[in-house]
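Here's the letter readout for the chains.
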Amino acid sequence: MTDREELESRAVEEICACRLYDLQDSLQETTDAELQAVIDHTIKCEICGN
(Lines give C-alpha, C1' and ligand atoms only; values in the text may rest on other atoms or scores of the structure.)
Protein backbone atom coordinates (compact mmCIF):
# COMPACT_ATOMS: atom_id res chain seq x y z
CA MET A 1 0.00 0.00 0.00
CA THR A 2 1.34 3.44 -0.86
CA ASP A 3 1.66 6.15 1.74
CA ARG A 4 -1.28 8.03 0.20
CA GLU A 5 -3.49 4.93 0.22
CA GLU A 6 -2.56 4.27 3.82
CA LEU A 7 -3.39 7.87 4.80
CA GLU A 8 -6.77 7.62 3.06
CA SER A 9 -7.57 4.29 4.69
CA ARG A 10 -6.60 5.44 8.17
CA ALA A 11 -8.49 8.74 7.79
CA VAL A 12 -11.67 6.90 6.80
CA GLU A 13 -11.29 4.74 9.91
CA GLU A 14 -10.62 7.67 12.24
CA ILE A 15 -13.08 10.31 10.99
CA CYS A 16 -16.23 11.09 12.91
CA ALA A 17 -19.28 9.24 11.59
CA CYS A 18 -20.91 12.62 10.85
CA ARG A 19 -18.18 13.40 8.29
CA LEU A 20 -17.51 9.94 6.83
CA TYR A 21 -19.46 10.39 3.59
CA ASP A 22 -18.07 13.89 3.05
CA LEU A 23 -14.53 12.57 3.37
CA GLN A 24 -15.19 9.62 1.07
CA ASP A 25 -16.63 12.00 -1.55
CA SER A 26 -13.61 14.32 -1.38
CA LEU A 27 -10.66 11.96 -0.81
CA GLN A 28 -9.04 12.90 -4.13
CA GLU A 29 -9.10 16.63 -3.29
CA THR A 30 -8.07 16.21 0.35
CA THR A 31 -4.40 16.97 1.00
CA ASP A 32 -2.08 14.63 2.84
CA ALA A 33 -1.83 17.20 5.64
CA GLU A 34 -5.63 17.30 6.01
CA LEU A 35 -5.79 13.50 6.11
CA GLN A 36 -3.09 13.43 8.77
CA ALA A 37 -5.03 15.99 10.81
CA VAL A 38 -8.11 13.75 10.64
CA ILE A 39 -6.03 10.78 11.80
CA ASP A 40 -4.52 12.84 14.63
CA HIS A 41 -7.98 14.14 15.62
CA THR A 42 -6.84 17.77 15.40
CA ILE A 43 -9.80 18.71 13.18
CA LYS A 44 -13.04 18.83 15.17
CA CYS A 45 -16.35 17.88 13.59
CA GLU A 46 -18.50 20.94 12.90
CA ILE A 47 -21.63 18.86 13.46
CA CYS A 48 -21.05 17.07 16.77
CA GLY A 49 -17.83 18.63 18.05
CA ASN A 50 -15.88 15.37 18.27
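Predicted, not measured: the structure shown is a model, and the values here were computed from it.

Colleague: Quick one: what's the story with the overall build of the chain, residue by residue and with numbers?
Modeller: Across its full length, the chain holds three helices and zero strands. The linear arrangement of helices and strands in the chain, starting from the amino end, is α-α-α. Here the C-alpha atoms of the chain give a radius of gyration of 10 Å, agreeing with the 10 Å that 2.2 N^0.38 yields for 50 residues. In the chain, which comprises 50 residues, the share counted as buried stands at 26%. Taking the contacts inside the chain whose residues are at least 6 apart along the sequence as the reference set, 61% of them involve residues at least 24 apart. Accessible surface computed for the chain: about 3600 Å², of which carbon and sulfur atoms make up 48%. Seen as two clouds, the 4 positive and the 13 negative side-chain charges of the chain have centres 6 Å apart.

Colleague: Lay out the packing of helix α1 (residues 3-14) against helix α3 (residues 32-39) with the relevant residues and their values.
Modeller: Put simply, α1 and α3 touch, their axes get as near as 8 Å, and they point 40° apart. Comparing the axis directions of α1 and α3 gives the class oblique. Pair α1 / α3 crosses with left-handed handedness. Of α3, the residues touching α1 (which contributes Arg4, Leu7, Glu8, Arg10, Ala11 and Glu14) are Asp32, Leu35, Gln36, Val38 and Ile39. A breakdown of the residues in the contact of α1 with α3 according to their chemical character gives five nonpolar, one polar and five charged.

Colleague: Give a description of the pattern of salt bridges that names residues and reports values.
Modeller: What the rule picks out here adds up to four salt bridges. Of the charged contacts, one joins Asp32 and Arg4 as a salt bridge, the two residues approaching to 2.5 Å between their closest N and O atoms. Here Asp32 is found in helix α3, whereas its partner Arg4 is found in helix α1, with 28 residues between them in sequence. Judged by its relative accessible area of 24%, Arg4 is partly exposed. As a salt-bridge pair, Asp22 and Arg19 come within 3.3 Å of each other at their nearest N and O atoms. For Arg19, a relative accessible area of 26% puts it in the partly exposed group. Overlapping salt bridges bring together Arg4, Glu8 and Asp32 as one network.

Criteria and cut-off values
- Residues numbered from 1 in each chain as written.
- Predicted model: local features only at pLDDT ≥ 70, side-chain atom pairs only at ≥ 80, totals over all residues.
- Heavy atoms only, no water.
- Helix = DSSP H or I, 4+ residues; strand = E, 2+ residues; numbered from the N terminus.
- Rg over C-alpha atoms; globule rule 2.2 N^0.38 Å.
- Buried < 20%, exposed > 50% of the residue type's maximum accessible area, 1.4 Å probe, protein only.
- Contact = heavy atoms within 4.5 Å.
- Areas by Shrake-Rupley, 256 points an atom, 1.4 Å probe, with all protein chains shown as cover.
- Lys, Arg positive; Asp, Glu negative; His and termini not counted.
- Charge placed at Lys NZ, Arg CZ, Asp CG, Glu CD.
- Axes fitted to C-alpha atoms, helices over the stretch in contact; angles between N-to-C directions.
- Parallel < 35°, antiparallel > 145°, perpendicular 65-115°, else oblique.
- Left-handed = near helix turned anticlockwise from the far one by under 90°.
- Nonpolar A, V, L, I, M, F, W, Y, C, P; charged D, E, K, R; others polar.
- Salt bridge = Lys/Arg side-chain N within 4 Å of Asp/Glu carboxyl O.

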